[in-house]
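# Secondary and tertiary structure notes
The chain contents come next:
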Amino acid sequence: MVAEAADDPVFTLSCGPVEIYPAVARALAKPVHYHYDPAFLAVYQGVHEKAQKALRTRTMPVILQGEPVLGLEAAAASLIAPGDVVLNLASGVYGKLFAFWAARYAREVIELDVPFNEAIRPEQVEAAFRARPDIRVVSVVHHDTPSATVNPLKEIGAIVAAHGAYMLVDAVSSFGGMDVDPDATRSDLFITGPNKCLGGSPGLTILAVSERAWDKMKANPAAPRASFLSILDWENAWRADQGYPFTPSVAEINGLDAALDLYLAEGPEKVWARHDLTARAFRAGVKAMGLHLWAASEAIASPTATAVRVPEGVSDAALRSAIRQRYGVMISSGMRETAGKLVRLGHMGVTAKPLYAVVGLTALGGAFRAIGHEVDLGAGTEAAMAVIDAAL
Ligand SMILES: *Cc1c(COP(=O)(O)O)cnc(C)c1O
């Protein structure tokens, strides 16, 4: 069956892939140079240097040629050695999914789950180490996007480091939208990408690797080499005088280069502040409309996406269809365990501007009404505007 043609969305308030910055779109459309052309070699080394600056990390990051799921799988395959015991922290769908890869490479995977509207508590991690001092690797999702909740990464990282273990972090949908970086959180492998808060397109993984993670991966005989999944193969590829393992995605590299230029020129603190303000406006509006946030507490609600509980008896599919068809607004559904229970409005990159909260809330309220669920639309927009105006 051929899908029905639809008009382009008017607003994309998704949780990734997201709307991209116009400058990124222009960069993606640049001439695609030969990968050993001196002009591209300079861009390629430069994009790594910019990523290092953005990540505030001591080591040179690695860029892998596929959207961040490649980085997650490569990280599991490279860092986890066959004898390792892994503690997988799962506060949401991505956390749960990581255990699938971890189990493929580890001797044993211990799971620490919390309800998917809550966050991992540091004392739970401490208790897990007391019960199993042989834990070697801890895997954690910083912002578990299908729940729009954030884990206390710095506190968890301190515990992992104190026990001499390695921390593998999925920061795909938090990096660039809030104050998080690999060194300050003591992350050993820190995986992110252009296609969430940096406002780029889905096609690359950005990976920060600590010195000790390099050592561990090199000592792991099972770590992929001469493979699409390899991290090790790319260690020196950033240098203009070194070869690539295979052809990098030239257009995607150009796009990432532009996204990093925007991020660094605006200033990370400013970028994080507009994500935070947009999130606060969203949350105030959701509550004032008479709806409920998915997160058990606002303290763990993400600054880069807002998850709204779908009330009992309301169909999330009908709601999403109404908001897209009536107003041209594209939002995200839940995934797996959270599917049907919530809808998510992303405010990442381009749409992390406070007035997008008003757009999202208005369209969401209109869609709820259209499917027969009354909300106080006026109170919602007033509450969002009050948050925005208080910050001006
Ligand atoms: C988006 C995202 C990824 C990348 O996965 P895709 O669903 O394929 O885009 C990984 N982890 C998290 C937390 C994400 O939000």
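The rules behind the values
- Residues numbered from 1 in each chain as written.
- Predicted model: local features only at pLDDT ≥ 70, side-chain atom pairs only at ≥ 80, totals over all residues.
- Heavy atoms only, no water.
- Core = buried A, V, L, I, M, F, W, Y, C linked by side-chain atoms within 4.5 Å.
- Buried < 20%, exposed > 50% of the residue type's maximum accessible area, 1.4 Å probe, protein only.
- Helix = DSSP H or I, 4+ residues; strand = E, 2+ residues; numbered from the N terminus.
- Contact = heavy atoms within 4.5 Å.
- Phe/Tyr/Trp six-rings, centres within 6.5 Å; stacked < 30°, edge-to-face > 60°.
- Lys NZ or Arg CZ within 6 Å of the ring centre and 35° of its normal.
- Pairing = 2+ DSSP bridges.
- Axes fitted to C-alpha atoms, helices over the stretch in contact; angles between N-to-C directions.
- Near = heavy atom within 4 Å.
- Polar contact = N/O pair within 3.5 Å; in protein donor to acceptor, adjacent residues only side chain to side chain.
- Areas by Shrake-Rupley, 256 points an atom, 1.4 Å probe, with all protein chains shown as cover.
- Nonpolar A, V, L, I, M, F, W, Y, C, P; charged D, E, K, R; others polar.
- Salt bridge = Lys/Arg side-chain N within 4 Å of Asp/Glu carboxyl O.

This part covers the nonpolar core. Core analysis: the largest hydrophobic core is formed by 118 residues, its most contacted members being L87, L89, F175, L189, I231 and L364. Counting residues per element, this core draws most heavily on helix α11 (residues 354-370), at 8 residues. Dropping the residues within four chain positions of it, L364 is found in contact with L291, V308, L319, I323, I331, V343 and L345.

Time to look at the packing of aromatic side chains. Two descriptors summarise a pair of aromatic rings, namely the distance from one centre to the other and the angle between the planes of the rings. Summed over the entire model, instances satisfying the criterion amount to 10 aromatic pairs. Summarising the aromatic geometry, the rings of Y36 and Y244 are spaced 4.9 Å apart at their centres and angled 45° between planes, so their arrangement reads as tilted. Pair noted here: Y36 is in the loop between α1 (22-28) and α2 (38-55) and Y244 is in the loop between α7 (211-219) and α8 (250-266), with a separation of 208 residues, a long-range link. Here R212 stacks its cationic end above the ring of Y166, 3.9 Å away from the centre of that ring. Here K216 stacks its cationic end above the ring of Y166, 5.4 Å away from the centre of that ring.

Spatially, β11-β14-β13 is the arrangement adopted by the 3 strands of the open sheet, whose pairing is antiparallel. On the outer flanks of this sheet lie β11 (305-309) and β13 (332-333), each paired with one strand and no other. Relative to strand β14 (residues 342-346), β13 runs antiparallel, the two being bridged by 2 bridges. Bridging from a neighbouring strand, S332 pairs with R344 of β14. Where helix α10 (residues 316-327) meets the sheet, it contacts β13 and β14, and its direction lies at approximately 35° from that of β14.

Look at the link from G16 to P17: it is a cis peptide, with omega at 0°. Topologically, P17 is positioned in the loop between β1 (11-12) and α1. Of note in this structure, A226 is not a glycine but carries a positive phi near 50°. Examined against the element boundaries, A226 turns out to sit in the loop between α7 and α8.

Quick look at the site of the ligand now. Close to the ligand lie E67, V69, L72, Y94, V141, H143, T145, D170, V172, S173 and K196. A distance of 2.5 Å is found between an oxygen atom of the ligand and a side-chain nitrogen or oxygen belonging to Y94. A distance of 2.4 Å separates an oxygen atom of the ligand from a polar atom in the side chain of T145. For the ligand, whose accessible area on its own is 380 Å², the fraction buried by protein is 85%. Per-class residue counts for the shell around the ligand are 5 nonpolar, 3 polar and 3 charged.

Relative to the elements of secondary structure, N195 occurs in the loop between β9 (189-192) and β10 (205-209). A residue is classified by how much of its surface remains accessible, and N195, at 2% relative accessible area, is buried. In this view, N195 contacts G16, P17, V18, E67, P68, G200, S201 and P202; residues no more than four positions away in its chain are not counted.

A few words on the sheet that holds strand β3 (residues 85-90). Read from one edge to the other, the open sheet built from 7 strands follows the order β2-β10-β9-β8-β5-β3-β4, with strand pairing classed as mixed. Each edge of the sheet is formed by a strand with only one pairing partner; in this case those strands are β2 (62-64) and β4 (108-113). With direction set aside, neighbouring strand axes in the sheet form an average angle of 20°. Bridge count for β9 against β10 is 4 bridges, and the pairing is antiparallel.

Now for the environment of A81. Mapped onto the elements of the fold, A81 is located in the loop between α3 (68-79) and β3. Accessibility expressed as a relative area gives 14% for A81, which makes it buried. Placed 124 residues apart in sequence, A81 and T205 show a C-alpha to C-alpha distance of 22 Å. Not counting residues up to four positions away in its chain, the partners in contact with A81 are Y105, A106, K216 and N220.

Next up on the list: the pattern of salt bridges. All told, the structure shown has 23 salt bridges when counted by the stated rule. With a closest N to O distance of 2.6 Å, D113 and K96 form a salt bridge. Remark: K96 occurs in helix α4 (residues 93-105) and D113 occurs in strand β4; sequence separation between them is 17 residues. Under the relative-accessibility criterion, D113 is labelled partly exposed at 37%. Residue class for K96 comes out partly exposed when judged on its relative accessible area of 29%. Between R107 and D134 there is a salt bridge; the shortest N-O distance is 4.0 Å. Residue R107 is found in the loop between α4 and β4, and its partner D134 is found in the loop between α5 (122-131) and β5 (135-141); the two are separated by 27 residues along the sequence. The class of D134 is partly exposed, set by a relative accessible area of 33%. Because the salt bridges share partners, they merge into one network encompassing R107, E108, R132 and D134.

Our next topic: the environment of V141. One can find V141 in strand β5. Along the backbone, V141 and V172 are 31 residues apart, and their C-alpha atoms lie at a distance of 8.4 Å.

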